Number of protein chains: 2
Amino acid sequence: MIGTPLLGALEGGGTKMVCAVGYVGGAILKRKSIPTTTPEETLPKLARFFQGEGVEALGIGSFGPVDLREDSDTYGYITSTPKPGWADMPFMPVLRDALNVPVGFETDVNLAAIGEYTLGAGRGLANVVYVTVGTGIGAGIIIDNKPLHGLVHSEMGHLLLKPSADETHPDGFCPYHKGCLEGLASGPAIEKRWGEKAGALPPDHPAWVLEAEYLAQCCANIIVAISPERIILGGGVMHQTHLFEPIRRRTLDLLGGYIRSDKILDDIDHYIVPPGLGDDSGTIGGLILASRQLQR
Amino acid sequence: MIGTPLLGALEGGGTKMVCAVGYVGGAILKRKSIPTTTPEETLPKLARFFQGEGVEALGIGSFGPVDLREDSDTYGYITSTPKPGWADMPFMPVLRDALNVPVGFETDVNLAAIGEYTLGAGRGLANVVYVTVGTGIGAGIIIDNKPLHGLVHSEMGHLLLKPSADETHPDGFCPYHKGCLEGLASGPAIEKRWGEKAGALPPDHPAWVLEAEYLAQCCANIIVAISPERIILGGGVMHQTHLFEPIRRRTLDLLGGYIRSDKILDDIDHYIVPPGLGDDSGTIGGLILASRQLQR
């Protein structure tokens, strides 16, 4: 691949930082996971890894909330996280200054959305929503071939939903909101509700009926509000692939035939889909974001 | 205004068609309302009005659902309305062929959103959501200075919400959905729930507490999902201006401090606002849309 710039991708999570180097087409050459401890300890390790590899640009997807406004004094900062030491932290600027290469900055879920939209399940489409369902629930929204950066980035995990008729915990488990999506349907919410880790529950457990209900409400609300060309559901909870069928059926039920699009009504199997890049959506998105910095 | 092209605006509703002529800056010279009966009767009247005025371009906002995809065979059609005679009706093509001038086509609420975003309460902002609350509830979403056209247009009125704790009709009154925004909070829903027209209920009536709850849920969900720079609430129900205060307070309650934006937390009075163009948002939006067709 002589002549193709070597790129870095960084998925910055609250528990670990996944570093990778590769090429824009999605080829991943090396990967390294670094625990997220204090910024003083973690940031130099990240810089050393990418310096050692000699990347020519870096694409970062960060846990948040973050500041994505390029004209802001705190662009590239993690802003208000409860994680000790990381609030008001110039995450991107520190790495950009250490590496002295162009660095792109996004939310973690926007990074995965960029990967999926460019090379994965959203390839060829202009408007795609990628939802990750795991420790938290978040969405990356691509509108007109660009990640949506609103006043703040999407916090789709905190959509208020309608409690299921047989709901025993209608308020859910979010410390901020009563009855939001994340509080009702994230991995930790499943565990708190049923007293077992989500991964340990068998496919016929009633947990999944409830989970499909809330994720279908999420899909239905995304469809009526934003109407993307495809919804991609990823993240750890969606490793339970048996969830896709009930989510699709229940989404159609909830829409009640109101949204007259044959792409939804007649082809829901290709409308609500798993990621095309498996668990590499974020890493590949990071390489693509890095590449774009070189083109600017 | 010699040298400035005369433009036409058409707000096409299911009950009446409001025609206007004017200039792009928002000056409205003449207005005429034509009842929406059959297409055979209504469309020629519309064409004659705009022909008589000699407009050089026309901007249409139509009741729907409509086809907004410019590359579609049925672009500019009303698609699946239950209104007799109007389903699969080439609304825009018929008028374009009759007038032989450039014609722009949008949803009715996108037309108002264009007006508000360009010359009204959203002036100077790139991302704005305009919600109309009246006979129906709909939203026009401006992202990056353009109306959002998804797979189909936004049907924000059919967001599923969380019933209020003291709700007596948790399913609401929408024929398609149980517990959607429009079924819980549109003008007709208020009338069905309380047995009186919304306009006849005094400001201290409990109807308004419930109305503010659902519109606040709508605002909170728009904020977490799309995060616009401003939300504009218009339409007949919002003539009850006393609603703005409780909607703003309840939206902040529902967000629970999670969205850290000083534009929301410290300045909600300028974040959730009435239209800047009063009831002319759609007409002025139509003139702007017409003008854009001349520039293409």
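Residues numbered from 1 in each chain as written. Chains lettered and ligands numbered in written order. Predicted model: local features only at pLDDT ≥ 70, side-chain atom pairs only at ≥ 80, totals over all residues. Heavy atoms only, no water.

Novice: What's the story with the packing of aromatic side chains in this structure? I'm lost.
Specialist: The geometry of an aromatic ring pair is captured by the separation of the ring centres together with the interplanar angle, meaning the angle of the planes. Tallied over the full model, the rule gives 12 aromatic pairs over all chains. Taking 4.7 Å as the distance between ring centres and 70 degrees as the angle between the ring planes, the aromatic pair formed by Tyr176 of chain A and Tyr258 of chain B counts as edge-to-face. Of the two residues, Tyr176 of chain A sits in the loop between β8 (146-147) and α4 (181-185) while Tyr258 of chain B sits in the loop between α7 (244-255) and α8 (262-265), which places them in two different chains. We classify Tyr176 of chain A as partly exposed; its relative accessible area is 33%. (Phe/Tyr/Trp six-rings, centres within 6.5 Å; stacked < 30°, edge-to-face > 60°. Helix = DSSP H or I, 4+ residues; strand = E, 2+ residues; numbered from the N terminus. Buried < 20%, exposed > 50% of the residue type's maximum accessible area, 1.4 Å probe, protein only.)

Novice: I keep staring at unusual backbone geometry and nothing clicks. Help me out?
Specialist: With the exception of glycine, most residues fall at negative phi, and the peptide bonds are largely trans. Residues and elements named next belong to chain A. The omega angle of the peptide bond from Gly64 to Pro65 is 5 degrees, so this bond is cis rather than trans. One can find Pro65 in the loop between β4 (57-62) and α2 (91-99). Although it is not a glycine, Asn100 sits at a positive phi angle of roughly 60 degrees.

Novice: Please clarify how the confidence of the model for chain A should be interpreted in this entry.
Specialist: Caution is warranted with low-pLDDT regions, since their predicted coordinates should not be read in detail. Averaged over every residue, the pLDDT of chain A is 95; residues scoring 70 or more account for 99%. This complex was scored by the predictor with a pTM of 0.94 and an ipTM of 0.92. (pLDDT = per-residue confidence, 0-100.)

Novice: Mind showing me how you'd approach the packing of helix α3 (residues 108-119) of chain B against helix α9 (residues 281-295) of chain B here?
Specialist: All names here are of chain B. It is at 7 Å that the axes of α3 and α9 come closest, and there the two elements cross at 85 degrees. In terms of axis orientation, α3 runs roughly perpendicular to α9. Here α3 contributes Leu111, Ala112, Ile114, Gly115, Glu116, Tyr117, Thr118 and Leu119 to the contact with α9, which in turn contributes Ser281, Gly282, Ile284, Gly285, Gly286, Ile288, Leu289 and Arg292. (Axes fitted to C-alpha atoms, helices over the stretch in contact; angles between N-to-C directions. Parallel < 35°, antiparallel > 145°, perpendicular 65-115°, else oblique. Contact = heavy atoms within 4.5 Å.)

Novice: I tried to follow the domain arrangement of chain A on my own but got confused; where do I start?
Specialist: It is common to give the size of an interface as the accessible area that goes away when the parts come together. All names here are of chain A. Taken domain by domain, chain A holds domain 1 (7-107) and domain 2 (121-275). A separation of 27 Å is found between the C-alpha centroids of domain 1 and domain 2. With six residues of domain 1 at the contact, the number on the domain 2 side is five residues. When the two sides are added together, the surface that domain 1 and domain 2 hide from each other amounts to roughly 460 Å², 59% of it contributed by carbon and sulfur. Across the contact surface, domain 1 and domain 2 share zero salt bridges. Considering only residue class, the side of domain 1 that touches domain 2 consists of three nonpolar, one polar and two charged. (Domains from an automatic or database assignment. Buried area = accessible area lost by both parts, 1.4 Å probe. Salt bridge = Lys/Arg side-chain N within 4 Å of Asp/Glu carboxyl O. Nonpolar A, V, L, I, M, F, W, Y, C, P; charged D, E, K, R; others polar.)

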